[in-house]
Amino acid sequence: MSYVEFSWEYDFPEFIEKILEDDYITRPECYDEASLKRIAALLLLDPEPEVGLLLSLAVTSKKPIGS
């Protein structure tokens, strides 16, 4: 699935879209629907988050907690 199809329901600012799309292309297995919901929530609190924080919240860990 392309990033455009994956994020169709969200209207993120252009600079956020570019960061997320570039990362999604590199490692799509790290993203799911919850990823986009976390980004939307972050943008409500901070409209211009740091890139590191943005990507750390976007990526979904496939490892169990504590491993």
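Refer to the preceding data block for the structure.
All values reported here derive from a predicted model rather than from experimental measurement. (Residues numbered from 1 in each chain as written. Predicted model: local features only at pLDDT ≥ 70, side-chain atom pairs only at ≥ 80, totals over all residues. Heavy atoms only, no water.)

Broken down by element type, the chain carries 4 helices and 0 strands. Moving toward the C terminus, one meets the helices and strands of the chain in the order α-α-α-α. Across the 67 residues of the chain, 31% fall into the buried class. Total accessible area on the chain is roughly 4700 Å²; 60% of this is exposed by carbon and sulfur atoms. (Helix = DSSP H or I, 4+ residues; strand = E, 2+ residues; numbered from the N terminus. Buried < 20%, exposed > 50% of the residue type's maximum accessible area, 1.4 Å probe, protein only. Areas by Shrake-Rupley, 256 points an atom, 1.4 Å probe, with all protein chains shown as cover.)

The subject of this paragraph is the environment of I25. Locating I25 in the fold gives a position in helix α2 (residues 14-26). On the basis of relative accessibility, which here comes to 59%, the residue I25 falls in the exposed class.

Turning next to the nonpolar core. Of all hydrophobic cores here, the largest spans 15 residues; its most connected members are F12, I16, L20, Y31 and I39. Contributions of two or more residues to this core are made by α1 (3-6), α2, α3 (33-45) and α4 (51-58). In this structure I16 touches I39, L43, P49 and L54, once residues within four positions along its chain are discounted. (Core = buried A, V, L, I, M, F, W, Y, C linked by side-chain atoms within 4.5 Å. Contact = heavy atoms within 4.5 Å.)

Turning to the packing of α2 against α4, a few remarks are in order. For the pair α2 and α4, interaxial distance at closest approach is 11 Å and the crossing angle is 55°. On the basis of the axis angle, α2 is oblique to α4. The way α2 lies across α4 gives a crossing that is right-handed. Of the residues in α4, those in contact with I16, I19, L20 and D23 of α2 are V51, L54, L55 and A58. (Axes fitted to C-alpha atoms, helices over the stretch in contact; angles between N-to-C directions. Parallel < 35°, antiparallel > 145°, perpendicular 65-115°, else oblique. Left-handed = near helix turned anticlockwise from the far one by under 90°.)

What follows concerns the packing of aromatic side chains. Scanning the entire structure with this criterion turns up 4 aromatic pairs. Between the aromatic rings of Y24 and Y31, the centroid separation amounts to 5.7 Å while the plane-to-plane angle is 70°, which identifies the pairing as edge-to-face. With respect to burial, Y24 and Y31 carry one shared label: buried. Taken together, the aromatic side chains of Y3, F6, Y24 and Y31 make up a single cluster linked through ring pairs. (Phe/Tyr/Trp six-rings, centres within 6.5 Å; stacked < 30°, edge-to-face > 60°.)

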